[in-house]
Amino acid sequence: MPHKELPDKSEIVIIGGGIVGVTLAHELAKRGEEVVVLEKRFIGSGSTFRCGTGIRQQFNDEANVQVMKRSVELWKKYSEEYGFSFEQTGYLFLLYDDEEVEEFKKNIAIQNRFGVPTRLITPEEAKEIVPLLDISEVVAASWNPTDGKADPFHSTTAFALHAEEMGAKLYEYTEVKEIIIENGEIKGVKTNRGVVNTGIIVNATNAWAKLINAMAKVPIHIPIEPYKHQAIITQPIKGGTVKPMVISFKYGHAYLTQTNHGGIVGGVGYEVGPTYDLNPSYQFMKEVSYYLTKIIPALRELLILRTWAGYYAKTPDSNPAIGRINEIDEYYIAAGFSGHGFMMAPAVAEMLSDLITKGKSKLPIEWYDPYRFERGELRNKALQMG
Ligand SMILES: Cc1cc2nc3c(=O)[nH]c(=O)nc-3n(C[C@H](O)[C@H](O)[C@H](O)COP(=O)(O)OP(=O)(O)OC[C@H]3O[C@@H](n4cnc5c(N)ncnc54)[C@H](O)[C@@H]3O)c2cc1C
């Protein structure tokens, strides 16, 4: 990919080749649109290949539940069509007191209203799902068997290849340096490899979104800041030992599951930032070891092979900014996914393609309105993991 000549024009230019940019290019190409993706490093090199693999519909508001229900349908459809791994092994939220149980009962009611089959289960039922759990302090669990996990490498690559097959053009090592705008109209982008003329730009750079917004002189404030979040992977163990994503807010906002290579992948809420620093830290190692072994004591026996860091591109209400910037003709943004952008990507691609090609979407895209910050209309804080 890096050696292809840049085209001198394209109807649509997507800046950023993470899962969001790639699934969007895939959806637009499928609809017959001419689309180019410009990625400053390699496809997936931002947050996408650093993510925890989790895909859930267990959110605490109507919009995210509906969007994630659609996203799971698309994950299922495309994993079957393209042959990448997406497993519906569920999400299990461990709950430790009445207050947590009450809050989750409300969430479950919203989820059930939109056909997401989450239910409150007993600690013993949770232990049947993950036999190694320590349930001595658990009073209940929120369980949705249709949530799951997908391999970020295989899925992003599959979407990229199929997007290209349908005519999308993806360019790696191509960094956008400047956005050319005349009289409020987009004319093109300047990159380290030349200019691409275009009338439509999508900013899909997540943690770098504010830099691209500054290049376009976006006249509204869209507060998206990069925060360092870290993860671990352990040595592989017997497949099927920890099938679902297990969450414990009590123990460090921890999440953990088993990858299809057999290792346990997990993280905690330990957050540093705003920063573009990505050095893993000893403090994280201490916290993640402490909290994960509180949830599953047997993990004490496992070796941690590697830790790494990536960005959560956070907004004040943990919901992304998705939509059109009206003051600049045909400038769109889909960024600020606050730690849950991998799971959302297929539905975001559909919503945004609808907005670009039809001017509206059936999904509740208004929830993610980029203008809400200026208006002081923050949403319910979306349920954020890690
Ligand atoms: C430790 C960790 C665990 C996570 N776990 C989960 C999880 O379990 N489930 C989930 O849904 N999400 C999870 N996330 C969040 C998820 O990784 C992100 O929300 C998602 O990957 C965002 O995708 P994206 O395409 O918007 O951004 P990115 O993947 O960051 O892509 C943006 C791209 O833009 C490129 N770019 C930037 N500037 C320019 C420029 N000037 N020109 C060209 N290209 C540019 C970057 O190189 C980058 O590749 C996790 C994140 C971390 C760090």
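All figures in this text were calculated on a predicted structure; none of them were measured in a lab.

### A few points about the overall build of the protein
Inference 1: Along its length, the protein carries 9 helices and 20 strands.
Inference 2: In terms of overall dimensions, the protein is globule-like: its C-alpha atoms have a radius of gyration of 21 Å, near the 21 Å expected for 386 residues.
Inference 3: Each principal axis of the C-alpha atoms in the protein carries an extent, and together these give about 65 × 40 × 40 Å.
Inference 4: Each of the 386 residues in the protein was classed as buried or not, and the buried ones make up 59%.

### Focus on the site of the ligand
Inference 1: The full set close to the ligand counts 37 residues, and Glu39, Ser47, Thr48, Gly52 and Met343 are the nearest of them.
Inference 2: Here an oxygen atom of the ligand sits 2.6 Å away from a polar atom, N or O, in the side chain of glutamate 39.
Inference 3: The backbone of glycine 52 places a nitrogen or oxygen atom 2.8 Å from a nitrogen atom of the ligand.
Inference 4: Notes on the ligand: free accessible area 1,000 Å², of which the protein chains cover 98%.
Inference 5: Elements with a minimum of two residues in the shell around the ligand: helix H1 (19-30), strand E18 (304-314) and helix H8 (341-358).
Inference 6: Looking at the shell around the ligand, its residues break down into 15 nonpolar, 18 polar and 4 charged.

### As for the side chain of glutamate 39
Inference 1: In this structure, glutamate 39 sits in the loop between strand E2 (35-38) and strand E3 (54-55).
Inference 2: Despite being buried, glutamate 39 has no salt bridge partner; arginine 41 is the closest side chain of opposite charge, sitting 6.3 Å away.
Inference 3: Here the side chain of glutamate 39 touches glycine 17 through a polar contact of 2.8 Å, landing on its backbone nitrogen.
Inference 4: For glutamate 39, the contacting residues outside a window of four places in its chain are Gly16, Gly17, Gly18, Ser45, Tyr171, Glu172, Tyr173 and Thr174.

### Some words on the pattern of salt bridges
For side chains bearing opposite charge, pairing can occur when the charged atoms are close.
Inference 1: By the definition in use, this model includes 23 salt bridges.
Inference 2: A salt bridge links arginine 70 to glutamate 350, with the nearest nitrogen and oxygen atoms 2.7 Å apart. Taken together, the residues arginine 70 in helix H2 (residues 62-82) and glutamate 350 in helix H8 connect sequence positions 280 residues apart.
Inference 3: The salt bridge partner of glutamate 80 is lysine 76, with a shortest N-O separation of 3.2 Å. Residue glutamate 80 and its partner lysine 76 are both found in helix H2; the two are separated by 4 residues, about one turn of the helix.
Inference 4: Residue glutamate 80 is classed as exposed on the basis of its relative accessible area, which comes to 57%.
Inference 5: Taken together, the salt bridges that share partners define one network made up of Glu27, Arg31, Asp354 and Lys358.

### Let's talk about H1
Think of an α-helix as 3.6 residues a turn; residues three or four steps apart then line up on the same face.
Inference 1: Between its first and last C-alpha, H1 extends 16 Å over 12 residues, near the 16 Å set by a 1.5 Å rise per residue.
Inference 2: The buried count for H1 comes to 11 of 12 residues, which makes it a mostly enclosed element.
Inference 3: Regarding H1, the residues found buried are Ile19, Val20, Gly21, Val22, Thr23, Leu24, Ala25, His26, Glu27, Leu28 and Ala29.
Inference 4: Phi for glycine 32, located one or two positions after H1, is positive at around 85°.

### Quick look at the environment of isoleucine 233
Inference 1: Inspection of the secondary structure assignment puts isoleucine 233 in strand E14 (residues 225-234).
Inference 2: On the accessibility criterion, isoleucine 233 (17% relative accessible area) is buried.
Inference 3: Counting along the chain gives 71 residues from isoleucine 233 to histidine 162, while the straight-line C-alpha distance between them is 29 Å.
Inference 4: Dropping the residues within four chain positions of it, isoleucine 233 is found in contact with Thr259, Gly263, Ile264, Val265, Ile304, Leu305, Arg306 and Trp308.

### Concerning the packing of aromatic side chains
Inference 1: This model, assessed by the stated rule, comprises 18 aromatic pairs.
Inference 2: Taking 6.0 Å as the distance between ring centres and 45° as the angle between the ring planes, the aromatic pair formed by phenylalanine 93 and phenylalanine 249 counts as tilted. Residue phenylalanine 93 is found in strand E5 (residues 91-95), and its partner phenylalanine 249 is found in the loop between strand E15 (245-248) and strand E16 (254-258); the two are separated by 156 residues along the sequence.
Inference 3: Looking at phenylalanine 249, the relative accessible area reads 17%, which means it is buried.
Inference 4: An aromatic cluster of three or more residues is present, and its members are Trp75, Tyr78, Tyr82, Phe84, Phe86, Phe159 and Phe342.
Inference 5: Over the ring of phenylalanine 59 we find arginine 56, and its NZ or CZ is 4.1 Å from the ring centre.
Inference 6: When the ring centre of tyrosine 227 is taken as origin, the NZ or CZ atom of lysine 314, which lies over that ring, is 4.9 Å away.

### Overview of the packing of H2 against helix H5 (residues 152-165)
Each pair of packed helices can be summarised by the angle the axes make with each other and by the distance between the axes.
Inference 1: Two numbers describe how H2 lies on H5: the axes approach to 11 Å, and their chain directions differ by 75°. For the element pair H2 / H5, the angle class is roughly perpendicular. Contacts between H2 and H5 pair Trp75, Tyr78 and Tyr82 from the former with Ser155, Ala158, Phe159 and His162 from the latter.
Inference 2: Considered class by class, the residues forming the contact of H2 with H5 number 5 nonpolar, 2 polar and no charged.

### Structural notes on the sheet that holds strand E1 (residues 12-15)
Inference 1: As summarised here, the arrangement of the 6 strands in space is E9-E2-E1-E13-E20-E19, forming an open sheet in which the pairing is mixed. Only two strands of the sheet have a single partner each, and these edge strands are strand E9 (169-171) and strand E19 (321-325). The average undirected angle you get between the axes of adjacent strands in this sheet is 15°.
Inference 2: Sheet topology places strand E13 (residues 200-203) next to strand E20 (residues 331-335); 3 bridges connect them, and they run parallel. Each bridged residue has a counterpart across the sheet, and for isoleucine 201 the counterpart in E20 is tyrosine 331.

Scoring rules and cut-offs
- Along every chain, residues carry numbers that run from 1 in the direction the sequence is written.
- Whole-chain, interface and lining totals are the exception, using all residues; otherwise, since this is a predicted model, local features are given only for residues with pLDDT of at least 70 and side-chain atom pairs are given and counted only at 80 or more.
- To get the side-chain values, all heavy atoms of the structure are used, and hydrogens and water are removed first.
- Secondary structure is summarised from DSSP: a helix means a run of H or I of at least four residues, a strand means a run of E of at least two, and numbering begins at the N terminus for each.
- Atoms considered for the radius of gyration are the C-alpha atoms alone. The globule rule reads 2.2 Å times the number of residues to the power 0.38.
- For the exposure calls, accessible area comes from a 1.4 Å probe over protein chains only, and a residue counts as buried if that area is under 20% of its type's maximum, exposed if over 50%, partly exposed in between.
- For this purpose, a residue is taken to be near a molecule or strand whenever a single non-hydrogen atom of the residue falls within 4 Å of it.
- Under this definition, polar contacts are N or O atom pairs within 3.5 Å; protein pairs additionally need one hydrogen-donor-capable and one acceptor-capable atom, and for neighbouring residues in sequence, both atoms have to be side-chain atoms.
- Each accessible area value is a Shrake-Rupley result obtained with a 1.4 Å probe; residue values ignore everything except the protein chains displayed when judging cover.
- Residue classes follow a fixed rule: Ala, Val, Leu, Ile, Met, Phe, Trp, Tyr, Cys and Pro count as nonpolar, while Asp, Glu, Lys and Arg count as charged, and any other residue, Gly among them, counts as polar.
- His is not counted, nor are the chain ends, whereas Lys and Arg count as positive and Asp and Glu as negative.
- A side-chain nitrogen of Lys or Arg and a carboxyl oxygen of Asp or Glu constitute a salt bridge if their distance falls within 4 Å.
- Residues are treated as being in contact if the distance between any of their heavy atoms lies within 4.5 Å.
- Working rule for helices: expected span equals 1.5 Å times residues minus one.
- By convention, a stacked pair of Phe, Tyr or Trp rings (six-membered ring in the case of Trp) has centres within 6.5 Å and planes under 30 degrees apart, an edge-to-face pair has planes over 60 apart, and any other such pair is tilted.
- Put simply, a charge is over a ring when the Lys NZ or the Arg CZ is close to the ring centre, within 6 Å, and near the line of the ring normal, within 35 degrees.
- For every element, the axis is a line fit to its C-alpha atoms; helices are fit only across the contacting stretch, and the angle between N-to-C directions ranges from 0 to 180 degrees.
- For this classification, under 35 degrees means roughly parallel, over 145 means roughly antiparallel, 65 to 115 means roughly perpendicular, and everything else is oblique.
- Any two strands between which DSSP finds at least two bridges are classified as paired.

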